[in-house]
Amino acid sequence: MRAYLTVGLAIISLCVIFIGCQSPEMTSAKVYIQQKDYSSALVQLKKEMANNPTNAEAYFYAGQIYGELDSLDQMVKMFDKAEQLDS
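Let me sum up the structure you'll find in this document. Computed from a predicted model, the values in this text were never measured in an experiment. (Residues numbered from 1 in each chain as written. Predicted model: local features only at pLDDT ≥ 70, side-chain atom pairs only at ≥ 80, totals over all residues. Heavy atoms only, no water.)

Taken as a class, soluble globular proteins show a tendency for nonpolar side chains to be buried jointly. Ranked by size, the top nonpolar core spans 14 residues in total, and within it Leu45, Met49, Ala62, Ile65 and Met78 carry the most contacts. Going through the elements one at a time, α2 (24-34), α3 (38-51), α4 (56-68) and α5 (72-85) are the ones with two or more residues in this core. Contacts of leucine 45, omitting those with residues within four sequence positions, involve Met26, Ala29, Ala58, Tyr61, Ala62 and Ile65. (Core = buried A, V, L, I, M, F, W, Y, C linked by side-chain atoms within 4.5 Å. Buried < 20%, exposed > 50% of the residue type's maximum accessible area, 1.4 Å probe, protein only. Helix = DSSP H or I, 4+ residues; strand = E, 2+ residues; numbered from the N terminus. Contact = heavy atoms within 4.5 Å.)

Next up, the structure:
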């Protein structure tokens, strides 16, 4: 019984570690997007892009925000970069 409990806890821990880990910048950006505070979300996304330039999700969210702000050139640029990183 104890072995089953240990294995179960190990599986749950691994799931939390690999699924639930996200940078603070991405978490903050998502919260700001939900609150429609797009300028603060962009600040956080730019930090994330500087720290992790291979994060396609950050570029995708930035593209969505630029679309909301009617900055279509920037929107297209962000979506193109996101697509290059992860089709």
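Okay, the packing of aromatic side chains next. Applying the stated criterion to the full structure yields two aromatic pairs. Judged by centre distance (6.2 Å) and plane angle (65°), the ring pair of phenylalanine 60 and tyrosine 61 falls under edge-to-face. Look at phenylalanine 60 and you get partly exposed, because its relative accessible area is 39%. One aromatic cluster is present, built from ring pairs that chain together Phe60, Tyr61 and Phe79. Lying over the aromatic face of tyrosine 59, lysine 81 brings its terminal NZ or CZ to 5.9 Å of the ring centre. (Phe/Tyr/Trp six-rings, centres within 6.5 Å; stacked < 30°, edge-to-face > 60°. Lys NZ or Arg CZ within 6 Å of the ring centre and 35° of its normal.)

Spanning 13 residues, α4 covers 19 Å between terminal C-alpha atoms, matching the ideal 18 Å at 1.5 Å per step. Of all the residues in α4, the buried ones are Ala56, Ala58, Tyr59, Ala62, Gly63, Ile65 and Tyr66. Buried residues belonging to α4 abut α2, α3 and α5. After α4 finishes, the residue aspartate 70 shows a positive phi value of roughly 60°. (Expected span 1.5 Å × (residues − 1).)

Turning our attention to the environment of aspartate 37. Note on placement: aspartate 37 falls in the loop between α2 and α3. Aspartate 37 sits in the partly exposed class, given a relative accessible area of 26%. Within the local environment of aspartate 37, its side chain forms a polar contact with the side chain of serine 40, the two groups lying 2.9 Å apart. (Polar contact = N/O pair within 3.5 Å; in protein donor to acceptor, adjacent residues only side chain to side chain.)

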